[in-house]
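# A look at the structure
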Amino acid sequence: MNIAASPQRATEIQNMTRSDTPLVRFQGVRKSFGELEVLKGIDLEVKSGEVVALIGRSGSGKSTALRCVNGLERINAGELTVCGRTLHDGKVDLRDLRQDVGIVFQSYNLFPHLTVEQNVTLAPRKVHRIGAKEARELSDQVLAQVGLSDKAKNYPEQLSGGQQQRVAIARSLAMRPKLILFDEVTSALDPELTGEVLRVIAKLAAEGMTMMLVTHEMAFARSVADQIVFMHQGRIWESGKGDMLEDPQTPELRQFVGNGL
Amino acid sequence: MFGLTIEQIAFIFRGAGWTIVLSLLGFVGGTILGLPVALARASRRRSLRTGSGLFVQLVQGIPLPVIMFVVYFGISIGGYDVPALVAAGIAMTLYSSAYLGEIWRGCIQAVPKTQWEAGECLALTNTQRFVFVILPQALRIAVPPTVGFLVQIVKNTSYAVVIGFFDLTYSAKVINNSTFMPFTVFTLAALIYFAICFPMSVLARRFERRLSRS
């Protein structure tokens, strides 16, 4: 396939070469569900290689903001650019976008009828049309990345929650995304299993993967994220480096951190 | 045996053979037509949902013997003389496709929404997502109610007697007319129906248990 043939790819490659161009850019993004406005003007940039943690109470809009990035939710106003594609003009090819943007869900959402290896390779085989041998190598590689090389032939139900979530991360990695979204990926896990998933995410961060994560793990956010974004009532209330959690500027964040730690 | 000759019993069993033939016709035809009905019922396109919904409501709102009559006499009005087997087969196909379509629609929709979303987020096309993610899971859910419905098909083939189709009910009636032993004859017919249906009920229940365990 000639990648330069697609105009979208071409602009994207141009954008990539300019390192100052952010991978994700929210500009005044608004989103409503019926009468309820859940995002009330979000401005946010995520640069290539950056890890951004979205924190805040339930209902603060953080998950919605994340789901806008891969087009699971469509924004109502403002501008949203992701991996060189504009998501606000209704012209984006979502399948094309999702080859660059992976997502990992709270409830893993593995395919229960497929083995771990089949879960990981389904999309690369069907979307990228890779062969069986290449698929096996890809599976070995991404499963090694999440430390589950010995589970390729198992079915999801035979794995622990933490292992299932690591398979979900591997499934996302197998598409070779430029950006991975993590939507409260440890919220369904008990503390013991949370650690193994967070270690995998921290490793990916260290390897330079661009990530946006909605999380309730404050200590983790502080140690891994380059940028922490505290959302409150559909707005970005406060944002900054990891140390902002030690010195909250607003009473809302102070209270949130007080409860969270 | 029970006052019936071997020939008379064999005659009844010949009817039972045709009951099985008509059941198979109804099931195969119902599957071929029922699958598109299920897909249309679960479709995102409103026109498909409405159209298939009308078909299902229509068939479910008419008693099966009346469908048999309408198909049988409808075809003969068109100037074609069809054997009762063909008319009964068409009627059974319509009947079972409407019910199987609804059963399978439920199975497709029973696959969690998060599975659709996961497939979508992996950049699969709608068709790929349906074939590789949704359908295999829906099929597993579909096995118990489908086998259970087979029992309904077998029992309801007896309505084909209204258009003179030679099945188990018909053959029993013929033997009764010549022997005047209605209780014996129809008890035998009942036992044969039961012998065909009972194993399927057991099978359906076993599939259901296996599914609920996993």
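Here's a quick rundown of the structure. Values in this document were obtained by computation on a predicted structure and should not be read as measured data. (Residues numbered from 1 in each chain as written. Chains lettered and ligands numbered in written order. Predicted model: local features only at pLDDT ≥ 70, side-chain atom pairs only at ≥ 80, totals over all residues.)

## Focus on the sheet that holds strand β4 (residues 77-82) of chain A
Residues and elements named next belong to chain A. Note the cut-off: Two strands make a pair as long as DSSP finds a minimum of two bridges between them. Per the convention used, a helix needs a DSSP run of H or I reaching at least four residues, while a strand needs a run of E reaching at least two, with both numbered from the N terminus.
With respect to topology, four strands assemble into an open sheet ordered β2-β1-β4-β5, the strand pairing being antiparallel. Each end of this open sheet is capped by a strand with a single partner; those strands are β2 (36-46) and β5 (85-86). Of the pairings in the sheet, the one linking β4 to β5 comprises two bridges and is antiparallel in character. Bridge pairing links Thr81 to Thr86 in β5.

## Some words on the interface of chain A and chain B
Our working rule: Residues are scored as being in contact if the C-beta atoms we place from backbone atoms lie within 7 Å. Gly is put with the polar residues, along with every residue not named as nonpolar or charged; the nonpolar set is Ala, Val, Leu, Ile, Met, Phe, Trp, Tyr, Cys and Pro, and the charged set is Asp, Glu, Lys and Arg.
At the interface, 17 residues of chain A touch 14 residues of chain B. Elements represented by at least two residues in the side of chain A that touches chain B include exactly α3 (94-98) and α4 (116-127) of chain A. Counting residues per element, the side of chain A that touches chain B draws most heavily on α4 of chain A, which supplies four residues. Its residues assigned to classes, the side of chain A that touches chain B shows nine nonpolar, five polar and three charged.

## Side note on unusual backbone geometry
Residues and elements named next belong to chain A. Residue Arg176 is not a glycine yet carries a positive backbone phi of 50°. The phi torsion at Gln233 lies on the positive side, around 50°, for a residue other than glycine. Here Gln233 shows up in the loop between β9 (227-232) and β10 (235-240).

## Things to note about the nonpolar core
Filter applied, for reference: As used throughout, a nonpolar core is a set of buried Ala, Val, Leu, Ile, Met, Phe, Trp, Tyr and Cys residues joined through C-beta atoms within 7 Å of each other. Exposure classes come from backbone-placed C-beta atoms, where a residue is buried if 20 or more other C-beta atoms lie within 10 Å of its own, exposed if 12 or fewer do, and partly exposed in between.
Among the nonpolar cores identified, the biggest contains 120 residues, and Ala53, Leu54 and Ala170 of chain A together with Met68 and Ala91 of chain B are the most heavily contacted of them. At 14 residues, the largest contribution of residues to this core is made by helix α4 (residues 84-110) of chain B. Discounting chain neighbours no more than four positions away, the residues touching Ala91 of chain B are Ile67, Met68 and Val71 of chain B. Among the nonpolar cores identified, the runner-up in size contains nine residues, and Ile12, Ala16, Ala172 and Tyr193 of chain B belong to it.

## With respect to the sheet that holds β10 of chain A
All names here are of chain A. The criterion, for reference: Whenever a helix is involved, its axis is fitted only over the stretch in contact; in every case the axis is a line through C-alpha atoms, and angles between N-to-C directions fall within 0 to 180 degrees.
Here six strands make up an open sheet; going across it, the order is β6-β7-β8-β3-β9-β10 and the pairing mixed. The two strands at the open ends of the sheet, each matched to only one other strand, are β6 (101-104) and β10. Strand-to-strand twist across the sheet, computed as the mean angle between neighbouring axes with direction ignored, equals 20°. Pairing analysis gives five bridges linking strand β7 (residues 179-183) to strand β8 (residues 210-214), with the strands arranged parallel. Bridge assignment links Leu181 to a residue of β8, and that residue is Met212. Along the sheet, helix α6 (residues 161-173) makes contact with β6 and β7, crossing β6 at roughly 170°.

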